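The residues making up each chain are set out below.
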Amino acid sequence: MKVKSMKKTLAVLLAGTMLCGALASCGGSGDTTTAAPKTDAATTAAAKESEAATTAAATEAPATSDAEVVLQLAWGTADSDIDPFAIAAHAFQEIVEEKSGGRIKIEFYPNSVLGAERDTFEGISMGTIDMGLINNTPIGGFVPECQVLDLPYLFPDKETIWEIVDGEVGAKIDQAILDSYGVMSLGVYDGGFRQMYNNTRPIFTPSDMEGITMRSMENTVYLEMFKALGANPTAMAFTEIFTGLQQGTVDGFEIGISTYYSNNFQEVTKYMSLTNHTFTPIRLLIGADKFNSMPEDLQQILLDSVKESLPVARKTNADTEASMLDTIKAAGVEINEINDAAEFKGKCENIWYMFEDEVGSDLLKAVMDICTK
C-alpha cells in the first residue's frame, strides 16, 4: 500500500477516533481508544466527513515533501507523554530527524489505527507498513524464540534484561525474526514490568487469583501463566480491554504501569497489585526491504539514532513509572504489594521448561544463565 493512499484511508479512520475523544472529554468517560461512546450511523458518518480534511492536513507536514525518506511508525497505545510506546517513538523521531537534517521524516500512527500489533507485524513483513513499536509478546506467536523474554518471574531486574537484549543472546533472537519474516528488530525499549489489575479483590497470594477472569494477550506463555496462578484467562485484543472491563466480560488484566494510566484504565479498575510478573520489551521494527531501499548513509543514521535513543527512552520511562503510583492512587485505585514473590515464582517455574522445544534449549539455557548468575 502506498503511503499516500494509506493516509487517505487513515484520515477516515482517525476522524471517528478524534470525535470520540472530544465527546469523552466532555462527558468525563474513559479511554477513547478502547471504549468509544456509542453513536448512530449518521453521527459517525458526519464525524468522518468533518474531520477527514483536518486529519489529512495533519499528516501532510511541510517537512514531508522535502524528506528523502518518509517512514510510517505505528503502535497500539495512546500518543501520550507518559506512555512507554510514545516515549520511545518521540525519542527516536527527535534524534533521527535531527541527525538526518530532515532527510528522514517519521510519521506517527498510534492508537492501533493501522491495526492490532499482530496486524502491524504482518504489515511490516509484507511491506505495507514501514515501522512499528510492538510488544515482544505478540511477535512470539510468529517467532517462537521471542517467547523466552516473556517467561514469568525469570528476570530479576531491568539491568539483566538489557544485558540480554543488547548482547549476543538478543542478537540471536533478532536474527530469528529477520530470517523468519524479513523484519529487522532495531532495538528494545522499556515497556516496564507488568502488574495485575482487577475489579474482584486485591492480589496478595496466588490463591487470590482463583476464579478471576483475566484478559490475556493472545500468547501461550501468558495463558499458561494465568492458569498456573489459578485465574481464568481469556484472549482479548488490547483495544477491547476497556469495554470488556466496563461490561464485565473480564474482571481484570495485566500491563505496565504507565500504559495502564495513559490509557485511562484507572477509570474502570478497582485494584492494582504489584506483581512484577513479566516485563514488556518494546521492539522497534522495520521491514528489511524498506531498510535496504534507503541510501546507505541514511541506513547508518537510522541505526545510530536507535542506539542513541535507547538509553534516553529507557530512563524517561523508568522515571515516569516511579511517579505514577501516587497519581494512580489519587485516582481511587487501591494499590498493594504481594506477600511473597517466591510463592508466585514457584507456581510459574514449570512454564520455563514448557517452551524449551519451541524456544530452543540452548537459547533458554543462555537466558537462564544470565538471570541466575
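Residues numbered from 1 in each chain as written. Predicted model: local features only at pLDDT ≥ 70, side-chain atom pairs only at ≥ 80, totals over all residues. Heavy atoms only, no water.

(A) Structural view of unusual backbone geometry. One non-glycine residue, Ser112, lies in positive phi territory at about 60°. When you line up the elements, Ser112 lands in the loop between strand S2 (104-109) and helix H4 (117-126). Ser112 sits in the buried class, given a relative accessible area of 18%. Notably, Tyr153 is not glycine yet its phi reads approximately 55°, a positive angle. A residue is classified by how much of its surface remains accessible, and Tyr153, at 9% relative accessible area, is buried. (Helix = DSSP H or I, 4+ residues; strand = E, 2+ residues; numbered from the N terminus. Buried < 20%, exposed > 50% of the residue type's maximum accessible area, 1.4 Å probe, protein only.)

(B) Just empty space enclosed by the protein, in detail. Within the structure shown, the criterion is met by one cavity of 30 Å³ or more. Its volume calculated, the largest cavity comes out at about 30 Å³. Lining the largest cavity, in full, are Leu149, Phe155, Ile161, Ile164, Phe279 and Pro281. Partitioning the lining of the largest cavity into residue classes produces six nonpolar, no polar and no charged. (1 Å grid on protein atoms, 1.4 Å probe; cavity = no way out; pocket = protein on both sides within 12 Å on 5 of 7 lines; lining within 4 Å. Points joined across faces, edges and corners; volume = space filled by probe spheres on them. Nonpolar A, V, L, I, M, F, W, Y, C, P; charged D, E, K, R; others polar.)

(C) Fine view of the packing of aromatic side chains. In this structure the tally under the stated criterion is 14 aromatic pairs. Their ring planes at 35° and their centres at 6.1 Å tell us that Tyr153 and Phe344 sit as a pair that is tilted. Separated by 191 residues along the polypeptide, Tyr153 in the loop between helix H5 (136-139) and helix H6 (158-165) and Phe344 in helix H13 (residues 341-354) bring together distant segments of the chain. Both residues of the pair, Tyr153 and Phe344, belong to the buried class. Site record: aromatic cluster; members linked through ring pairs are Tyr197, Phe238, Phe242, Phe253, Tyr260 and Phe265. Geometry around Trp162 places Arg314 over its ring, the cationic atom sitting 3.8 Å from the centre. (Phe/Tyr/Trp six-rings, centres within 6.5 Å; stacked < 30°, edge-to-face > 60°. Lys NZ or Arg CZ within 6 Å of the ring centre and 35° of its normal.)

(D) Representation of the nonpolar core. Judged by nonpolar contacts, the single largest core of 56 residues is most densely connected at Val148 and Leu151. Of all the secondary-structure elements, those providing two or more residues to this core are H4, H6, helix H7 (168-181), strand S4 (183-198), helix H8 (220-228), strand S9 (279-287), H13 and helix H15 (361-372). Per-element tally for this core: the top contributor is H15, with six residues. Here Val148 is in contact with Leu154, Phe155, Ile173, Val359, Leu363, Leu364 and Val367, once residues within four sequence places are set aside. (Core = buried A, V, L, I, M, F, W, Y, C linked by side-chain atoms within 4.5 Å. Contact = heavy atoms within 4.5 Å.)

(E) Broad picture of the packing of helix H3 (residues 84-99) against helix H12 (residues 296-330). It is at 8 Å that the axes of H3 and H12 come closest, and there the two elements cross at 145°. Of the two elements, H3 crosses H12, and the hand of that crossing is right-handed. Contacts from Pro84, Ile87, Ala88, Ala91, Phe92, Ile95, Val96 and Lys99 of H3 reach H12 at Ile301, Leu302, Ser305, Val306, Glu308, Ser309, Val312, Ala313, Thr316, Asn317 and Thr320. The residue inventory of the contact of H3 with H12, partitioned by class, reads twelve nonpolar, five polar and two charged. (Axes fitted to C-alpha atoms, helices over the stretch in contact; angles between N-to-C directions. Left-handed = near helix turned anticlockwise from the far one by under 90°.)

(F) View of the pattern of salt bridges. Taken as a whole and assessed by the stated rule, the structure comprises twelve salt bridges. Notably, a salt bridge pairs Glu321 with Lys158, separated by 3.5 Å at the nearest N-O pair. With a gap of 163 residues between them, Glu321 in helix H12 and Lys158 in helix H6 connect regions that are remote in the sequence. Overlapping salt bridges bring together Glu68, Arg103 and Asp297 as one network. (Salt bridge = Lys/Arg side-chain N within 4 Å of Asp/Glu carboxyl O.)

(G) Spotlight on the pairing of S4. Burial analysis of S4 places 16 of its 16 residues in the buried class, which makes it a mostly covered element. Alignment of S4 against S9, held across eight bridges, turns out to be antiparallel. Residue pairing for S9: Val188 is matched across the bridge by Arg283. Bridge count between S4 and strand S7 (residues 252-256): five bridges; the pairing is antiparallel. What sits directly across from Tyr197, in S7, is Phe253. Of the pairings in the sheet, the one linking S4 to strand S8 (residues 271-274) comprises three bridges and is antiparallel in character. Of the residues in S8, the one forming a bridge with Asn198 is Tyr271. (Pairing = 2+ DSSP bridges.)

(H) Representation of the confidence of the model for the protein chain within the structure. With 83% of its residues at a pLDDT of at least 70, the protein chain reaches an overall mean of 85. Counting interchain partners and residues more than four positions distant, the pLDDT-below-50 stretch residues 1-64 has 71 contacts. (pLDDT = per-residue confidence, 0-100.)

(I) Representation of the pairing of strand S5 (residues 213-216). One ladder, built from four bridges, connects S5 with strand S6 (residues 232-235); its direction is parallel. Counterpart to Thr213 in the pairing with S6 is Asn232. The handedness of the S5 to S6 crossover, carried by H8, is right-handed. (Right-handed = clockwise from strand over helix to strand, strands pointing away.)

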